[in-house]
Amino acid sequence: MKRITFLAAFLILLATAIYSIARQSAGSFVPVTDVMLENPDPADWLMWRRTLNSWGYSPLDQINATNVRNLRMVWTRGMGPGIQEATPLVYRGVMYLPNPSDLIQAINAATGDLIWEYKRQWSEDVAKILPIAPSINRNIAIYGNNIIDTSADDQVYALDARSGKLAWETRILDMKESPAQETSGPIIAKGKIFSGRGCEPKKGALACVIVAHDAKTGKELWRTRTIPMPGEPGDETWGGLPYEKRSHVGTWMVPSYDPELNLLYVGTSVTSPAPKFMLAGNEFTYLYHNSTLALNADTGKMVWYYQHLVDHWDFDHPFERLLVDTAVAPSAADVSWINPRIRAGERRKVVTGIPGKTGIVYTLDRQTGEFLWAKPTVMQNVVAGIDGATGRVRTNPETLFSAVGDRRFICPTVNGGKNFQAGAYSPLTNTMYYALQNACAMVTAIENTPTTFYAIQNNNQIAPGTDKIGTVQAISVETGKTVWKYEQRAGYMSLVATGGGLIFGGDTNGHFRAFDQNSGAVLWEINLGSPATGYPITYAVGGKQYVAVSTGNSLVSTGLNRLAPELHPSTASNIFVFALP
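As a starting point, this report considers the structure included with it. (Residues numbered from 1 in each chain as written. Predicted model: local features only at pLDDT ≥ 70, side-chain atom pairs only at ≥ 80, totals over all residues. Heavy atoms only, no water.)

## Topic: the overall build of the protein chain
Then comes step 1: Across its full length, the protein chain holds four helices and 41 strands.
Then comes step 2: At 23 Å, the protein chain has a C-alpha radius of gyration in line with the 25 Å of a compact globule built from 581 residues.
Then comes step 3: Across its three principal directions, the C-alpha atoms of the protein chain cover 75 × 50 × 50 Å.
Then comes step 4: A total of 581 residues make up the protein chain; the buried ones form 65% of that total.
Then comes step 5: In the protein chain, the proportion of contacts linking residues at least 24 apart, taken out of those at least 6 apart, comes to 61%.
Then comes step 6: As presented, the protein chain carries roughly 20,200 Å² of accessible surface, and 52% of it is formed by carbon and sulfur atoms. (Helix = DSSP H or I, 4+ residues; strand = E, 2+ residues; numbered from the N terminus. Rg over C-alpha atoms; globule rule 2.2 N^0.38 Å. Buried < 20%, exposed > 50% of the residue type's maximum accessible area, 1.4 Å probe, protein only. Contact = heavy atoms within 4.5 Å. Areas by Shrake-Rupley, 256 points an atom, 1.4 Å probe, with all protein chains shown as cover.)

So, in structure tokens, the structure goes:
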């Protein structure tokens, strides 16, 4: 009798979910508003990290530490070929899934059935100009009745969320003149589409821009350069280098936004070439590379910036910025560099997390950019110190290049440390959780030619003193103390935190796990067969909580798996969805 009752209840829930989705597609679609994006329904996942503060946190708690061991796969679908680093969006029971190469699908989020799909058609020039990047499509956005994305052919475009039909498109750049890698994908706030991009290393500075568009019409509202032109603030930091020789300060990951301060927080990448002796010399700082930029969201004007590192090794700093209101009390026993003006326990609006490949945690005041504290996580040898009073970063002189052929032992590597895989923050613990890698490299400065992106060559290896590549670390946002650490042979990928006290994340060998937020204990695990290269999410349909993650191939997972040749995952692109029975 109990089994019959349970089955009946399950069928009622499923019927409710299917009916709800059918109503959406039949004309009752509720437009997504700015209010909804700022305070999303717990059942939905409306943007890259679910909220504008980039927490990667869902308050859903149906799946928890007690019952997660019962989690089962409920559906799966194959995805398109190519580099796969997708974030699904879910709105009112429909999943909108970016596949590689500008393929977007709408899927019944409860059953996995396809509703519609859109495949953008490119000219042949796209693959010739961008041989790798066109495949990458990490993130899409939703606003009004539309799904919005930036495309490999350097457009921002909108699809009708009900039908998948093209609603409008706007050119961002002429890719033949100033091509960019539109790998970031947009976020939307205050009716504006904010997007960054990776500007091509050998194509000059004009594509190195952050752009805002009107979310209803696609009209461009402003654009901000990350490489100053002659006479602009920051120009002097390029040592007189001609503007046409400045290139590749990209913003190739997704920004964060604070509605109260109306500030957009964007991270930037390395220059090309990376060794600074090839530009104007090692003594210049080359703004605004490897920096956090705080921009006025209405105008694009820079309010403040903080440079994390003068980069000679392709140690980009474009990754997620966590926006948290917290007490600030860094522990001298746990934190390497502290601002002496901090009053221990004072509350601050901070921008924190691990913004770059070095794996160093930086915490800044997000109103002013004031440096508060920083600490390393994995082995790194490029930052020799940080002046706590000024926040100025001092580079280790032994890691610098002075001529072609110079070889240096450098930690970590171009794969990180930290890379595109996102960490998460839980308000339940006031703790940030990050997937990191223990890796180093012998790096050689090579000739700067049209075919060498950064003029360096890497021979990667596992960091000395360990045979564990991947590590997940939990770090207190208030004190900087490392609360727990998990280490393993395979590299680790993106994480998501939940109101059920769990951290979900997968690795480069295809294993997907649930960790206890407080202890780091592994509570559940499944082998998906391929690297968990996508960003995991959780959502609810008809009152039932689901967890989703996609697998496939990425440059980072491939690079990390080379360090552990005994691992043999496949590289199939699939999305997997789990729920309790």
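## Comments concerning the layout of surface pockets
Then comes step 1: When its volume is computed, the largest pocket comes out at roughly 1,000 Å³.
Then comes step 2: Every residue lining the largest pocket is counted, 33 residues in all, and those nearest its centre are Asp314, Lys357, Phe453, Tyr454 and Leu555.
Then comes step 3: Counting residues per element, the ones that place at least two in the lining of the largest pocket are β32 (456-462) and α4 (555-561).
Then comes step 4: Take the lining of the largest pocket: its biggest share by element is four residues, from α4.
Then comes step 5: Taken together, the residues of the lining of the largest pocket sort by class into 17 nonpolar, nine polar and seven charged.
Then comes step 6: Secondary structure elements with two or more residues in the lining of the second largest pocket: β20 (302-307) and β27 (393-395). (1 Å grid on protein atoms, 1.4 Å probe; cavity = no way out; pocket = protein on both sides within 12 Å on 5 of 7 lines; lining within 4 Å. Points joined across faces, edges and corners; volume = space filled by probe spheres on them. Nonpolar A, V, L, I, M, F, W, Y, C, P; charged D, E, K, R; others polar.)

## Brief notes about the state of the cysteines
Then comes step 1: As enumerated under the stated definition, the model contains two disulfides in all.
Then comes step 2: The disulfide partner of Cys199 is Cys208, and the gap between their sulfur atoms is 2.1 Å. In this structure the cystine formed by Cys199 and Cys208 twists about its S-S bond by roughly 100°; its chirality is therefore right-handed. One exposure class covers both Cys199 and Cys208, and it is buried.
Then comes step 3: Disulfide pairing places Cys411 opposite Cys440 at an S-S distance of 2.0 Å. When the S-S torsion is 105°, as for the bridge of Cys411 with Cys440, the disulfide is right-handed. You can see Cys411 sitting in the loop between β28 (407-410) and β29 (424-426) and its partner Cys440 sitting in strand β31 (residues 439-445), a full 29 residues away along the chain.
Then comes step 4: Cys440 sits in the buried class, given a relative accessible area of 0%.
Then comes step 5: Disulfide partners in the protein chain, listed by the sequence order of the bonded cysteines, are 1-2, 3-4. (Disulfide = S-S within 2.5 Å.)

## Describing the sheet that holds β20
Then comes step 1: Sheet architecture is open: four strands sit in the order β17-β18-β19-β20, paired in antiparallel fashion. Of all the strands in the sheet, just β17 (256-258) and β20 have a single pairing partner and so form its edges. Sheet twist, expressed as the mean angle between neighbouring strand axes with direction ignored, is 20°.
Then comes step 2: Pairing analysis gives three bridges linking β17 to strand β18 (residues 263-267), with the strands arranged antiparallel. Counterpart to Tyr257 in the pairing with β18 is Leu264. (Pairing = 2+ DSSP bridges. Axes fitted to C-alpha atoms, helices over the stretch in contact; angles between N-to-C directions.)

## Concerning the sheet that holds strand β33 (residues 470-476)
Then comes step 1: Here four strands make up an open sheet; going across it, the order is β29-β30-β33-β34 and the pairing antiparallel. The open sheet has two free edges, formed respectively by β29 and β34 (482-488), since each of these has just one partner strand. Neighbour-to-neighbour, the strand axes of this sheet turn through a mean angle of 20°, independent of strand direction.
Then comes step 2: As paired strands, strand β30 (residues 431-437) and β33 are joined by seven bridges and run antiparallel to one another. Bridged to Gln437 within β33 is Gly470.

## Regarding the nonpolar core
Then comes step 1: Membership of the largest hydrophobic core comes to 111 residues, with the highest contact counts inside it found for Met95, Tyr96, Ile142, Leu264, Phe504 and Tyr539.
Then comes step 2: The dominant element in this core, judged by the number of residues it contributes, is strand β41 (residues 574-579), at five residues.
Then comes step 3: If you look at the next biggest cluster of nonpolar residues, it comprises 32 residues, including Tyr265, Ile360, Phe371 and Leu400. (Core = buried A, V, L, I, M, F, W, Y, C linked by side-chain atoms within 4.5 Å.)

## Concerning the pairing of strand β16 (residues 220-225)
Then comes step 1: In terms of strand pairing, strand β15 (residues 209-214) meets β16 through five bridges, oriented antiparallel. Note that in β16 the partner of His213 across the bridge is Glu220.
Then comes step 2: Where β15 folds back onto β16 in an antiparallel hairpin, the turn is made up of five residues, including Gly218, whose phi is positive at roughly 85°.

## Remarks on the pattern of salt bridges
Then comes step 1: According to the stated counting rule, one finds 27 salt bridges in the structure shown.
Then comes step 2: Residue Arg343 pairs with Glu346 through a salt bridge whose shortest N-O separation is 3.4 Å.
Then comes step 3: One salt bridge in this structure joins Asp365 and Arg348, with 2.8 Å as the shortest N-O distance. Taken together, the residues span a long stretch of sequence, with Asp365 in strand β24 (residues 361-365) and Arg348 in strand β23 (residues 346-352) at a distance of 17 residues.
Then comes step 4: Taking the relative accessible area as the measure of exposure, Asp365 reaches 5% and is therefore buried.
Then comes step 5: Arg348 gets classed as buried once you look at its relative accessible area, which sits at 15%.
Then comes step 6: Members of the salt-bridge network, linked through shared partners, are Arg341, Arg343, Glu346, Arg348, Asp365 and Glu370. (Salt bridge = Lys/Arg side-chain N within 4 Å of Asp/Glu carboxyl O.)

## So, the environment of Ser554
Then comes step 1: Among the structural elements, Ser554 can be located in the loop between β40 (544-551) and α4.
Then comes step 2: Owing to a relative accessible area of 0%, Ser554 belongs among the buried residues under this scheme.
Then comes step 3: When the C-alpha atoms of Ser554 and Glu85 are compared, they prove to be 7.0 Å apart, with 469 residues separating the residues in sequence.
Then comes step 4: Non-local contacts of Ser554, meaning those with residues more than four positions away in its chain, are made with Ile83, Glu85, Phe420, Met493 and Thr533.

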